[in-house]
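Here is how the chains run, residue by residue.
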Amino acid sequence: MNISHHFDDATLMAYAAGTLPQGMALVVACHLHWCPECRHRVKQAEAVGGALLDNISPVAVSDSALDDILASLDEVPAAAQKQVKTSEPNQTELPDPLSTYLNKSLDDLPWKWIGYGMYQVDLNFGGKGAARLFKLAPGVSVPHHTHTGNELTLILRGSYSDEIGRFRRGDVADLDSDVLHQPIVDTGEDCICLIATDAPLKFTGIMGRLIQPFIGL
Ligand SMILES: [Zn+2]
């Protein structure tokens, strides 16, 4: 798999610290299943957290404390690399964490039509935000929208392009409230994405406001 879009460090740090909402944590876990690079960065984030805890002490910290912590991280890559090899993804279409949760193939899901060539399946995690699967027909253009919170998207099948670039299977879009974008599905096949948010989307155009009640994100 040729992955060219990854998560921000802030997202991976939050994942390592266990502070992401359940749906967003699922999106991260699924990408990690496919992406050795992000797995390695999560290991580093965990090592930083561990090193900081190990160095908590009631006495004043020496000037070289940060250098010492950073130096100790040099030992992490070998260990992380080893883990990468033993958890090599299998060849099925879905990443293991999602496959385990859904327990059926993408084509067997109860897709609900929401208009304009778009279908969705709500994963019903409850709590803050939402996690859904979206299926978009070839050539479909998702209305312009911004985000009141963060939105994590993992492409499972097909591809789309927006103002940021082209996103293919395995890629993630890690968007915050500053981004206004309009994904357009590349022609050829459906694009299926796993999308999790920690707050509702905000559609900006008239088309977006029309479909907002149907999507309900
Ligand atoms: Zn990655």
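Our subject is the structure listed above.
Just so it is clear, the model here is predicted, and its values are computed rather than measured.

Student: Looking at this structure, how should I read helix α1 (residues 9–17)?
Tutor: It helps to recall that an α-helix has 3.6 residues per turn; residues three or four apart then point in one direction. All of the buried residues along α1 are Thr11, Leu12 and Ala14. Considered in projection along α1, the buried side chains sweep an arc of 160 degrees and stay on one side of the axis. Those residues of α1 that are exposed and aimed more than 90 degrees away from the buried face are Asp9, Ala10 and Ala17. Of the residues one or two after α1, glycine 18 is the one with positive phi, at around 75 degrees.

Student: I'm lost on the sheet that holds strand β7 (residues 166–168) in this one. Help?
Tutor: With antiparallel pairing, three strands are arranged side by side in an open sheet as β7-β6-β9. Among the strands making up the open sheet, the edge pair consists of β7 and β9 (184–185). In this sheet, β7 lies alongside strand β6 (residues 159–161) in antiparallel orientation, the contact comprising three bridges. Opposite serine 161, over in β7, you have arginine 166 as the bridge partner.

Student: Explain helix α2 (residues 22–34) here, please?
Tutor: Between its terminal C-alpha atoms α2 stretches 19 Å, which fits the 18 Å expected from 13 residues at 1.5 Å a residue. Among the 13 residues in α2, eleven count as buried, and that is most of the element. For α2, every residue scored as buried is listed here: Gly23, Met24, Leu26, Val27, Val28, Ala29, Cys30, His31, Leu32, His33 and Trp34.

Student: Sorry, what's going on with the nonpolar core here?
Tutor: In a soluble, globular protein the nonpolar side chains are often hidden away together inside. Among the nonpolar cores identified, the biggest contains 33 residues, and Leu98, Leu123, Leu133, Leu154, Leu156 and Leu194 are the most heavily contacted of them. Where this core is concerned, the elements lending two or more residues are α1, α2, α3 (36–54), α6 (96–102), β3 (130–136), β5 (151–157) and β10 (191–197). In terms of residues, this core owes the most to one element, α2, which gives seven residues. For this core, the two domains that each supply at least three residues are domain 1 (9–92) and domain 2 (98–215). Residues in contact with leucine 123, not counting those within four places in the same chain, are Leu26, Leu98, Tyr101, Leu102, Ala131, Arg132, Leu133 and Leu194. Counting residues in hydrophobic clusters, the runner-up holds 15 residues, among them Ile114, Met118, Ile155 and Ala173.

Parameters and conventions
Residues numbered from 1 in each chain as written. Predicted model: local features only at pLDDT ≥ 70, side-chain atom pairs only at ≥ 80, totals over all residues. Heavy atoms only, no water. Buried < 20%, exposed > 50% of the residue type's maximum accessible area, 1.4 Å probe, protein only. Helix = DSSP H or I, 4+ residues; strand = E, 2+ residues; numbered from the N terminus. Arc of directions from axis to C-beta. Pairing = 2+ DSSP bridges. Expected span 1.5 Å × (residues − 1). Core = buried A, V, L, I, M, F, W, Y, C linked by side-chain atoms within 4.5 Å. Domains from an automatic or database assignment. Contact = heavy atoms within 4.5 Å.

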